[in-house]
Amino acid sequence: MAIVTVLTVCPYCGTGCQIVINSLGAGERVVGYSRSPVNEGKLCIKGYSGLSYNFSNERLKNPLVKRNGEFTTVTWEDAIREASRGLKDIIRKYGPDSVAFQSSAKCTNEENYLMQKIARMVGTNNIDHCARSCHSPTALGLITTLGAGAATGSIKSLEHARTFFIIGSNTTEQHPIIGSKIVSERKKGKNLIVADPRKTQLAEIATIHLQFRPGTDIALLNSIMFVILKEHLEDRKFIEERTQGFDEFEKEVEKYAPEVTENITGIRPEDVREVAMIVAKEKPASILYAMGITQHIHGTENVMAVSNLALLTGNLGVSGSGIFPLRGQNNVQGSSDMGALAEWYPGYIPVGSPKVKMLEELWQRKLPDKKGLTLSEMFDAAEEGRVKAIYLMGENPLVTESAVSDVEKAIDNLELFIVQDIFMTLTAGAADIVFPASTSLEKEGTFTNTERRIQKVNKVYDSPGTAKPDWWILNEMGKEVAGMKNYESPEEIFEEIRKAIPSYSGASYENIYPEGKQWPINASHPDGTEILHETSFPIGRGKFIPVSYGDPAESVDEKYNFIMTTGRNYYHWHSGTMSRRTDILERESPEAYVEINTDDARELGIRNFQSVTIESRHGSIKTKARITDKIPSKVIFVPFHFEESRVNRLVGKQLDPLSKMPEFKVVAVRLLV
Amino acid sequence: MNYLLRKEEIEKAFLEISKDFETFGATEKEGEVIFDHVHNFDEISDKRSRYAPKEFLIQRNENVLSLEKTDRRAVFGIKSCDLKGFYIMDKQILGKDPFYTEKRNNTLFANFVCNEPCEGGFCSSFGGPVLDEYDLQILRDGDQYHVMVSEKYEGYFKSYRQEDGSAFAKFKDEFDAKTVHLPVEGLEKRMKWNSSLWKDFASMCISCGACNFSCPTCYCFDLYDEGEERKREWDSCILTGFTSSSAGNIRKNLDERLRQRFYHKFTYYKKAKDVYLCTGCNRCVEDCPVGIDIKEVITHDYSGE
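Residues numbered from 1 in each chain as written. Chains lettered and ligands numbered in written order. Predicted model: local features only at pLDDT ≥ 70, side-chain atom pairs only at ≥ 80, totals over all residues. Heavy atoms only, no water.

A word on unusual backbone geometry. Residue and element names in this part refer to chain A. Of note, the bond from Lys283 into Pro284 is cis; its omega dihedral lies within 30 degrees of zero at 0°. Residue position: Pro284 is located in the loop between α12 (269–281) and β12 (285–289). Here Trp519 and Pro520 are connected by a cis peptide whose omega angle stands at 0°. As for its placement among the helices and strands, Pro520 is situated in the loop between β21 (517–518) and β22 (542–543). (Helix = DSSP H or I, 4+ residues; strand = E, 2+ residues; numbered from the N terminus.)

Structure follows, in structure tokens:
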């Protein structure tokens, strides 16, 4: 009997907990790595009980090609040949912008780098991935205001905060180990302000819970800043020495007296005042946010409002202060850093910028200078026939994308659809060619977590059948489709990443193991950087950007009288591809449901667990009621994990015009019993 | 019987045992003490392992449709608190759980007695690191080893120097004097159903299951089917799906489930088996991300509420 002991990174959320897997055969033992600066030996239920999907009988074991509507097993040679020929034919016939590439924040930095490199080397910027639907407003918002689209501090630095301001993050459920840190600090007497329409666990123990109406974030944040300015609590020194654009910003905020915003947000002026006092006076304050801020048509402006608050109170550059966009996927920071985005090359070099020249030299290829299509635009283009082929890795848009009915039509309309995954997902089922991939426990590479920590991912198990690591598949495809060079190993790819992205230049497989290093890591920061913006911002001075409140895309009326917000729960992960195939997690949350407020349920005569239909202006689904006081009246919550009851049938296509983020958090619906 | 062995003698005894058993030991990797194959006694770490090696007897995830015969295994370097967990759970599952029983009967544990109390540990409250039940109990004393050997494994030690048990007794007194003793006696009578503790814990708990998974005495599992296999997997009584019926979990709220965990440990098991379901290892405290401390359950002033 072989024993393997491997230190690697949990495959679930962006916290990036380090796990030690000690395996006696398949009976794996998982513990948190006690020396990890990220999780200090702690794990959540997904870390402990969420890894058995790896051994599921349903794993894809061989390449599949659809012939006459049925999948047939083929060799890797045939699968790669067929896929690459198909792509090349379409490019030859319709040009490079007729193909689109969808990368994955579940995959490693090396793999994301390869995927975007293939896209760009064939001549298109049609490369995107699920960061679009989670933190694209963060990248754009924070790069604009601060110069770096990432968390400004470390998870460890949260211990130095005196105040936590959390908006739109159910931290104990979605980033449990970060959430647990907040719980522990709160118990020590730290201030905790939670702004969330739902009564989350942190809201229950908060100093103040601002239970505001979904989609009114800017009105709320501006009203808090209004009070800070009126009471002269702003950090004058910081504003004068480190920022620009204050006057215009101040003029905008003057319109947001809490007495005025109360009608929009539902928050009493005295609560706004109290919060303003705490945030401005009890420093340092750490501001944490997640999808509650970003998944709106005003997502980018929401991020900028958060940034304004940090700049106004001087809560940046010091340990315990800062802005923490909590990253969803394990590697969504990294996949964004790698430039698997339609508007950015690796290292956030804007498409069309003269700086792309550096990459042209590195890759020896003239690169496209036109912005590519984003995730939802790719499907629109496919529906319209402008995009003919999609090569997709490790995503399941038929469950996770907004307006999924349109995604179905778009995929049907493709000439070639290639999917690379570990399971036969709903999306893979619609593919022409399916590549069976290894899980992250079966391969090597790096992930970058929510605090910019580049961490080594190591192989624990062999892959089933002939399944291959994504980097291997991409390497084969890249050579055929894009004339890319051959890479022998993930490390060889990483060595190129170091050349392409200056903030990764000082990292190596050797020095990031075992504890990881936070970027920027380079000649001037050889050991990485824990706290960003200590003395200056990458753009010099931090920018105040005045943002004004605008209504969400959808509003309630007499017919659609409820606001629906969507999201995850503690036990499942996104489309459930992994978590729904692990015993304990699936047992804890086996079916789709909708959270309904107790009073609303009484009024509508809905009993707990009763089947209800939710209808929006875009579609309808049937699901089960869960009656709770944790959600306010006239708001419902539906998780998006369940393919048998896809809530994204109800979500429309309204996008944030700046980041192209769909509005997953505000949908007008009605309940039919 | 008790023996006193020199270093080279214990090495020799180890090699003799290795001939008959697949041999494992506590070893260090990336700064974590885990269990792996060992080939020399020298390789075995004196340090406390990162976790209680429960998986030697209850695999984290195993097929239960067929009972496979287990090879004989020897596990060196398990600490007394972790080994004691098996003796406590024996009372409930030995002879009843065939998978556990098969492995239990074929596994030799050589527990290392801690020379110094560990930080946070409170094993002395439950009898301390010198156990009354053991296979091989090893106490390092400089270059020598005091070894207590159970009858079953006497054969491996016959040729070595016998001694009386005074070294262990003396050590036990010294260790006891150095450690805190929590007032566990009569806890089953003191614990209070309506204590504020349970709600306090629930306000912090993130339902990660660490307390169960780290505990050397927790043995509960979930049964499930996958394809043609029926499997079981370690479970956590903190979760809502644990022991749920078609009407759901009878303990709907987290505070009720946490209370159940502590009542099981300190009241129900004590009343049924006359032993507390806790060895004072402190592992649940160390692995808890929000610092819920089982010691508070023991020391809490219930009568003052």
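After presenting the structure, the write-up continues.
Throughout the structure, instances matching the rule amount to 40 aromatic pairs over all chains. Seen from their ring centres, Phe35 of chain B and Phe56 of chain B are 5.9 Å apart, and the 85° between their planes marks the pair as edge-to-face. On the criterion of sequence distance, the pair formed by Phe35 of chain B in strand β3 (residues 32–37) and Phe56 of chain B in the loop between β3 and β4 (61–63) is long-range, its members being 21 residues apart. Accessibility classification places Phe35 of chain B together with Phe56 of chain B in one group, the buried group. Aromatic rings pair up to connect Trp193, Trp198, Phe201, Phe262, Tyr263, Tyr268 and Tyr302 of chain B into one cluster. Its end group placed over the ring of Trp472 of chain A, Lys468 of chain A keeps NZ or CZ at 4.8 Å from the ring centre. (Phe/Tyr/Trp six-rings, centres within 6.5 Å; stacked < 30°, edge-to-face > 60°. Buried < 20%, exposed > 50% of the residue type's maximum accessible area, 1.4 Å probe, protein only. Lys NZ or Arg CZ within 6 Å of the ring centre and 35° of its normal.)

For the rest of this paragraph, the subject is helix α10 (residues 246–253) of chain A. Residue and element names in this part refer to chain A. Of the residues making up α10, those classed as buried are Phe246, Phe249, Glu252 and Val253. The buried residues of α10 all sit within an arc of 125° when viewed along its axis, so they share a single face. Relative to its buried face, α10 has exposed residues pointing more than 90 degrees away, namely Asp247, Glu248 and Lys251. Residues of α10 that are buried sit in contact with α8 (217–230), α9 (236–242), β11 (243–244) and α14 (299–312). (Arc of directions from axis to C-beta. Contact = heavy atoms within 4.5 Å.)

Okay, the state of the cysteines next. Here a disulfide denotes one covalent bond, and it connects the sulfur atoms of two cysteines. Counting across every chain of the model gives 0 disulfides over all chains. Looking at the unpaired Cys278 of chain B, the closest cysteine sulfur is the one in Cys281 of chain B, lying at 6.6 Å. (Disulfide = S-S within 2.5 Å.)

This brings us to the domain arrangement of chain B. All names here are of chain B. When its domains are assigned, chain B resolves into domain 1 (2–178) and domain 2 (187–299). On a C-alpha basis, the centroid separation for the pair domain 1 and domain 2 is 26 Å. The interface is formed by 35 residues belonging to domain 1 together with 35 residues belonging to domain 2. Remark: the boundary between domain 1 and domain 2 carries 5 salt bridges. The partner of Arg232 in a salt bridge is Glu62, with the nearest N and O atoms 3.0 Å apart. For the side of domain 1 that touches domain 2, the elements supplying multiple residues, two or more each, are β4, α2 (80–93) and α3 (98–105). Looking at which element gives the most residues to the side of domain 1 that touches domain 2, the answer is α2, with 10 residues. In terms of residue class, the side of domain 1 that touches domain 2 is made up of 15 nonpolar, 8 polar and 12 charged. (Domains from an automatic or database assignment. Salt bridge = Lys/Arg side-chain N within 4 Å of Asp/Glu carboxyl O. Nonpolar A, V, L, I, M, F, W, Y, C, P; charged D, E, K, R; others polar.)

What follows deals with the sheet that holds strand β4 (residues 64–67) of chain A. All names here are of chain A. Pairing is mixed across the open sheet formed by 7 strands, whose spatial order is β5-β4-β18-β17-β16-β6-β7. At either margin of the open sheet sits one strand with a lone partner, and together these are β5 (70–73) and β7 (127–128). As paired elements, β4 and strand β18 (residues 433–436) share 2 bridges and run antiparallel to each other. By the bridge assignment for β18, Val65 is matched with Ile433. Taken strand by strand, helix α2 (residues 76–94) contacts β4, β6 (99–102), β16 (389–393), β17 (416–421) and β18, and its axis lies near 130° from that of β18. (Pairing = 2+ DSSP bridges. Axes fitted to C-alpha atoms, helices over the stretch in contact; angles between N-to-C directions.)

A few words on the pairing of strand β26 (residues 620–628) of chain A. All names here are of chain A. Across 5 bridges, the pairing between strand β24 (residues 593–597) and β26 is parallel. Across the sheet, the residue bridging to Glu595 is Arg626, located in β26. Where strand β25 (residues 611–616) meets β26, 5 bridges bridge the pair, whose relative direction is antiparallel. Of the residues in β26, the one forming a bridge with Val612 is Thr623. Between β25 and β26, which follow one another and run antiparallel, lie 3 residues.

With 172 residues, the main nonpolar core has Tyr391 and Phe435 of chain A together with Phe266 of chain B as its most contacted residues. No fewer than three residues from each of domain 1 (2–178) and domain 2 (187–299) of chain B sit in this core. In this structure, Phe266 of chain B is in contact with Phe126, Leu187, Glu188, Met191, Tyr276, Cys278, Ile294, Val297 and Ile298 of chain B, ignoring residues within four places of it in sequence. (Core = buried A, V, L, I, M, F, W, Y, C linked by side-chain atoms within 4.5 Å.)

In this section: empty space enclosed by the protein. Residue and element names in this part refer to chain B. Applying the stated criterion across every chain yields a total of 13 cavities of 30 Å³ or more. In this structure, the second largest cavity spans a volume of roughly 170 Å³. In terms of lining, the second largest cavity is formed by 17 residues, of which the most central are Cys211, Leu258, Cys284, Cys288 and Ile292. Every element with two or more residues in the lining of the second largest cavity is listed here: α7 (210–214) and α8 (254–273). The element contributing the most residues to the lining of the second largest cavity is α8, with 3 residues. Per-class residue counts for the lining of the second largest cavity are 14 nonpolar, 2 polar and 1 charged. (1 Å grid on protein atoms, 1.4 Å probe; cavity = no way out; pocket = protein on both sides within 12 Å on 5 of 7 lines; lining within 4 Å. Points joined across faces, edges and corners; volume = space filled by probe spheres on them.)

We now examine the interface of chain A and chain B. Listed by partner, the interface residues are 42 residues for chain A and 48 residues for chain B. Of the roughly 3,800 Å² buried where chain A meets chain B, counting both sides, 50% is carbon and sulfur surface. Connecting chain A to chain B are 3 salt bridges. Between Arg587 of chain A and Asp235 of chain B there is a salt bridge; the shortest N-O distance is 2.4 Å. For the pair chain A and chain B, the number of links is 25 residue pairs in polar contact (both at pLDDT 80 or more). (Buried area = accessible area lost by both parts, 1.4 Å probe. Polar contact = N/O pair within 3.5 Å; in protein donor to acceptor, adjacent residues only side chain to side chain.)

Residue and element names in this part refer to chain A. Taking burial as the measure, the 7 residues of strand β1 (residues 3–9) include 6 buried ones, the bulk of the element. Sheet analysis places β1 next to strand β2 (residues 18–24), joined by 7 bridges and oriented antiparallel. Bridge assignment links Thr8 to a residue of β2, and that residue is Ile19.

This brings us to the pattern of salt bridges. All names here are of chain A. Tallied over the full model, the rule gives 76 salt bridges over all chains. Among the ionic pairs, Lys181 bridges to Glu40, the shortest N-O distance being 3.4 Å. With Lys181 in helix α6 (residues 176–187) and Glu40 in the loop between β3 (27–32) and α1 (45–49), this pair connects stretches of sequence that are 141 residues apart. Taking relative accessible area as the criterion, Lys181 reaches 10% and is therefore assigned buried. Members of the salt-bridge network, linked through shared partners, are Glu40, Lys156, Glu159 and Lys181.

To continue, consider the environment of Ala169 of chain B. Residues and elements named next belong to chain B. One can find Ala169 in helix α4 (residues 166–178). Residue classification places Ala169 among the partly exposed residues on the basis of a relative accessible area of 42%. Taking the C-alpha atoms as reference points, Ala169 and Val130, separated by 39 residues in sequence, lie 8.5 Å from one another.

Here we come to the sheet that holds β12 of chain A. Residue and element names in this part refer to chain A. One open sheet holds the 5 strands; their spatial order is β10-β9-β8-β12-β13, and the pairing between them is parallel. Of all the strands in the sheet, the pair left with one neighbour each is β10 (208–210) and β13 (322–325). Pairs of neighbouring strands in the sheet enclose a mean axial angle of 15°, with direction left out of account. The pairing of strand β8 (residues 163–167) with β12 spans 5 bridges and is parallel.

Residue and element names in this part refer to chain A. Given a rise of 1.5 Å per residue, 19 residues ought to cover 27 Å, and the 27 Å separating the end C-alpha atoms of α2 matches this to within 8%. Looking only at α2, the buried set comprises Trp76, Ala79, Ile80, Ala83, Ser84, Gly86, Leu87, Ile90 and Ile91. Take α2 and look down its axis: the buried residues cluster within an arc of 150°, on one side only. In α2, the exposed positions angled more than 90 degrees off the buried face are occupied by Glu77, Arg85, Arg92 and Lys93. Contact partners of the buried residues in α2: β6, α3 (109–122), β16, β17, β18 and α21 (470–482). Downstream of α2 by one or two residues, Gly95 has phi in the positive range, about 95°. (Expected span 1.5 Å × (residues − 1).)

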